[in-house]
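Take a look at the letters that make up each chain.
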Amino acid sequence: MSLCASNPCKNGGTCIPNYMNNCYNCLCGERFLGNNCERVPCKFDFENGIDEWKRTGTVFDNQPTYGDNPTARNRGPSNHQGDWWIGGAEHRPNISSAPGKFQSGGGDGPQGTLTSPTFNVIGQTISFLIGGGCDVNVVRAELIVGGQAVRNKTGQCKETMTRKK
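Labelled according to an unreviewed UniProt entry, the protein chain appears under the name EGF-like domain-containing protein, originating from Pocillopora meandrina.

So this is what it looks like as structure tokens:
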């Protein structure tokens, strides 16, 4: 019987038998980790909401937001990935809501913080897809390690997101 007959590699991973050592290795796809490709490195696509994230303030009460709201306001594309994303000024908490609306309090009025669940950095780089304000003292994405911010990035004073390393 083949070492891979039980399909031990999850999430589309490819099982590679090693008959000399009576074991197998899984070749995992880009988005999966673990001996059997059973883990996702981190969940930051917002397609399933932000329930696992810690929130303060009111800015994230109607988040994530759906679709390309800046384009609906003729402000250029948001450049978001997936259908759902975080836009502090945005108010489109469901598909049936009209695109391009601001949260009550006027665009950048609501404030707060959004902290992800703990995750492991795997590899040599990490990047953020970020837009909006460009004053790092006011709005930013931070990488916190051991309770200390070790990296922060901000937008380019426009609603179009760009990838920052």
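Peer 1: What is the right way to look at the state of the cysteines in this model?
Peer 2: Tallying each qualifying case throughout the model produces 4 disulfides. Residue Cys-134 pairs covalently with Cys-157 via a disulfide, S to S 1.5 Å. The sign of the S-S torsion, about -50°, decides the handedness of the disulfide formed by Cys-134 and Cys-157: left-handed. In this pair, Cys-134 is assigned in the loop between strand E7 (128-132) and strand E8 (141-145) and Cys-157 in the loop between strand E9 (148-153) and strand E10 (158-164), connecting sequence segments 23 residues apart. By relative accessible area, which is 40% here, Cys-134 ends up partly exposed. Each bonded cysteine of the protein chain gets a number by its place in the sequence, and the pairs then read 1-3, 2-4, 5-6, 7-8. Its sulfur unpaired, Cys-23 is 9.6 Å from the next cysteine sulfur, which belongs to Cys-15.

Peer 1: Just checking my understanding: could you explain the pairing of E9 for this structure?
Peer 2: Two faces belong to every sheet, and in a regular strand the side chains alternate between them. Inspection of the sheet shows E8 paired to E9 by 5 bridges, in the antiparallel sense. Across the sheet, residue Ala-141 finds its bridge partner in E9, namely Lys-153. The hairpin turn running from E8 into E9, its antiparallel successor, is 2 residues long, and Gly-146 in that turn takes a positive phi close to 60°.

Thresholds applied
- Residues numbered from 1 in each chain as written.
- Predicted model: local features only at pLDDT ≥ 70, side-chain atom pairs only at ≥ 80, totals over all residues.
- Heavy atoms only, no water.
- Disulfide = S-S within 2.5 Å.
- Helix = DSSP H or I, 4+ residues; strand = E, 2+ residues; numbered from the N terminus.
- Buried < 20%, exposed > 50% of the residue type's maximum accessible area, 1.4 Å probe, protein only.
- Pairing = 2+ DSSP bridges.

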